[in-house]
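Structural description and commentary
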Amino acid sequence: MAQILSPLPGTFYRKPAPDKPPFKSEGDSVAVGDVIGLIEVMKNFVEVHADAAGKVAKFIADNEEPVMAGQPLVEVS
Amino acid sequence: MAFSRLLIANRGEIAVRIQRAARELGMTTIQVYSAADEDSLAVKMADKAINIGPPHAAKSYLNIAAILEAAETTGAEAIHPGYGFLSENADFAEAVEAAGLVFVGPTASTIRTMGDKAAARAAAEKAGVPVVPGSAGRVADFAQARAAAAEIGYPVMIKASAGGGGRGIRVVESAEGLEAAFDQAGAEAKAAFGDSGLYLEKFIARARHVEVQVLGDGRDAIHCYERECSLQRRRQKVWEEAPALALKPNVREALCACAVRLAKSVAYRGAGTLEFLYDDATERFYFIEMNTRIQVEHPVTEMATGVDLVREMLRVAAGAPLAYTQSAIRLRGHAIEARINAEDPAQNFRPSPGTVSDYRAPGGAGTRFDTLLYQGYQVPPFYDSLIGKLIVWDETREAALARMRRALTELIVEGIATTAPLHQELVEDEAVRAGAFHTRWLEDWLSSRQRRAAS
């Protein structure tokens, strides 16, 4: 079990745009480097890349949730 | 419609700025805030403060229902929207008026016409104001965008209809890049303004950004001359001046007169800005958009004309006629504003939220610092990176540059990175000192500086 952490403080988004499907859903497979979400920090959108491979076990942070740097976003098994 | 209890539906330095004007008029200030802004300077300074929701702007500063509820709870009689957020949202202006409150700004119908950039272009064309070639209003979908781009000719600029502050804007060099840029701009516009509408314009590479400040009371309108905001990065203004540098007196008169004509044609009420591109070579100007609100860089106009624009907005919102006739507005000297952002110019402007461990504001003659900072303040990551505006005025531009150089040495912000070092470089730069720049100059300068650093 590995956790993908937020690289920055800000707002977490699971989708590339409000009317698009999420980058990853629970059960999806993840490769190192895959985009799993966006962090909005001071109106800049920064991609969050997976640093572990496996399957998405669960999202710990919700869409549009405020997050701190280092906060776990996703659990990968 | 006189009022004495003003709610400020914004945050940061502009909330502080509005409170100051309101207090000078004897008003009670009511500050709304998100959970992330409980310790903000605006909240500390206000007579009353009320929490309107979580940090995410869509749930607080963009939440019309929560703001109106706060107004009712606190007995507010008027709402100043500041800039960004709901300031150019006609539905908000309408909802405020429907709740029996005064909206400090133009009417909802003026915002619809002039605040929607595509509709504003049409209004400008009708008033005989020259515009940049572009799409006929909003493009409904990507297919329309592609057709419009082909007709205008590349490079084109995609812009958010509801936009401002450089959000939702993309320059596209050729047809291949259009779809990705169209999607990104739409998403950014939706996130920033709650409206994904886009339009297209021909991209003019070497132009100056010149904008005219107007004031209206719904009956009469005047101008307070113009500003130049050519130093931009990613369409975000970085450094602004008043007056503009390259205008001959006859061009200045024509530009300002045409702005007033347009303002009068819509019976404009409040402070507004008409933005133009200006081409040095041809001495021609093209209307690009109108911002129906107070702008970030309004202080340079205040310094160069002596007019308190925010106070005047509040006065006319309360039903008073304009305090000035056109002939009473005089330009004197030169003003410069440097935007201080919580970004690291040495790390490609990486956002730098965090705790301000040490802080000292610049001061002295002809020097003004509009800011949200205080020592120990934690700059939140959820909002714009603007943390202060350093404004200087002096009799000549050369003296103003010397004053800016001096004031920058006094500014201390520790604990977070800021763009102050960038301004220290700019103030020494020969092209900046000569005023020889255009809207892409700063980006070119930054990339050549990066190359120099790498080699």
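Residues numbered from 1 in each chain as written. Chains lettered and ligands numbered in written order. Predicted model: local features only at pLDDT ≥ 70, side-chain atom pairs only at ≥ 80, totals over all residues.

1. Considering the overall build of chain A
Counting secondary structure elements, chain A contains zero helices and eight strands. Sequence-ordered secondary structure for chain A, helices as α and strands as β, is β-β-β-β-β-β-β-β. Relative to the 2.2 N^0.38 estimate, which gives 11 Å for 77 residues, the radius of gyration of chain A is 11 Å and therefore close to what a compact globule would have. Dimensions of chain A, computed from the C-alpha atoms along their principal axes, are close to 30 × 25 × 20 Å. Relative to its 77 residues, chain A shows a buried fraction of 40%. Considering only intrachain contacts with a sequence separation of at least 6, the fraction spanning at least 24 residues in chain A is 59%. (Helix = DSSP H or I, 4+ residues; strand = E, 2+ residues; numbered from the N terminus. Rg over C-alpha atoms; globule rule 2.2 N^0.38 Å. Buried ≥ 20, exposed ≤ 12 C-beta atoms within 10 Å, placed from the backbone. Contact = placed C-beta atoms within 7 Å.)

2. A look at the packing of helix H5 (residues 108–115) of chain B against helix H6 (residues 117–126) of chain B
Residue and element names in this part refer to chain B. At a closest axis distance of 5 Å, the pairing of H5 and H6 adopts a crossing angle of 85 degrees. Considering their axes alone, H5 and H6 lie roughly perpendicular with respect to each other. Counting all contacts with H5, which are made through Arg 112, Thr 113 and Met 114, the residues of H6 involved are Ala 119, Ala 120 and Ala 123. Among the residues forming the contact of H5 with H6, the class breakdown is four nonpolar, one polar and one charged. (Axes fitted to C-alpha atoms, helices over the stretch in contact; angles between N-to-C directions. Parallel < 35°, antiparallel > 145°, perpendicular 65-115°, else oblique. Nonpolar A, V, L, I, M, F, W, Y, C, P; charged D, E, K, R; others polar.)

3. Digging into the sheet that holds strand E8 (residues 72–76) of chain A
Strands sit in the order E1-E8-E6-E3 (chain A) across an open sheet of four strands; the sheet is antiparallel. In the strand order of this sheet, the two ends are held by strand E1 (2–5) and strand E3 (29–30) of chain A, each with one partner. (Pairing = 2+ DSSP bridges.)

4. Some remarks on H6(B)
All names here are of chain B. Taken residue by residue, H6 has Lys 117, Ala 118, Ala 120, Arg 121 and Ala 124 as its buried positions. All buried residues of H6 project into a common sector of 160 degrees when viewed along the axis, lining one side. Its buried side turned inward, H6 meets H5, strand E6 (156–160), strand E8 (198–202), helix H9 (249–265) and strand E13 (284–291). Gly 128 sits one or two positions beyond H6 and adopts a positive phi of about 75 degrees. (Arc of directions from axis to C-beta.)

5. Structural notes on the nonpolar core
Residues and elements named next belong to chain B. Formed by 144 residues in total, the largest nonpolar core has its most connected members in Leu 7, Ile 79, Val 214, Ala 259, Phe 276 and Ala 335. Looking at which element gives the most residues to this core, the answer is H9, with seven residues. Both domain 1 (5–104) and domain 3 (208–454) contribute no fewer than three residues apiece to this core. If sequence neighbours within four positions are ignored, Phe 276 has contacts with Val 210, Glu 211, Leu 255, Phe 285, Tyr 286, Phe 287 and Ile 288. (Core = buried A, V, L, I, M, F, W, Y, C linked by C-beta atoms within 7 Å. Domains from an automatic or database assignment.)

These figures come from the coordinates and say nothing about function on their own.
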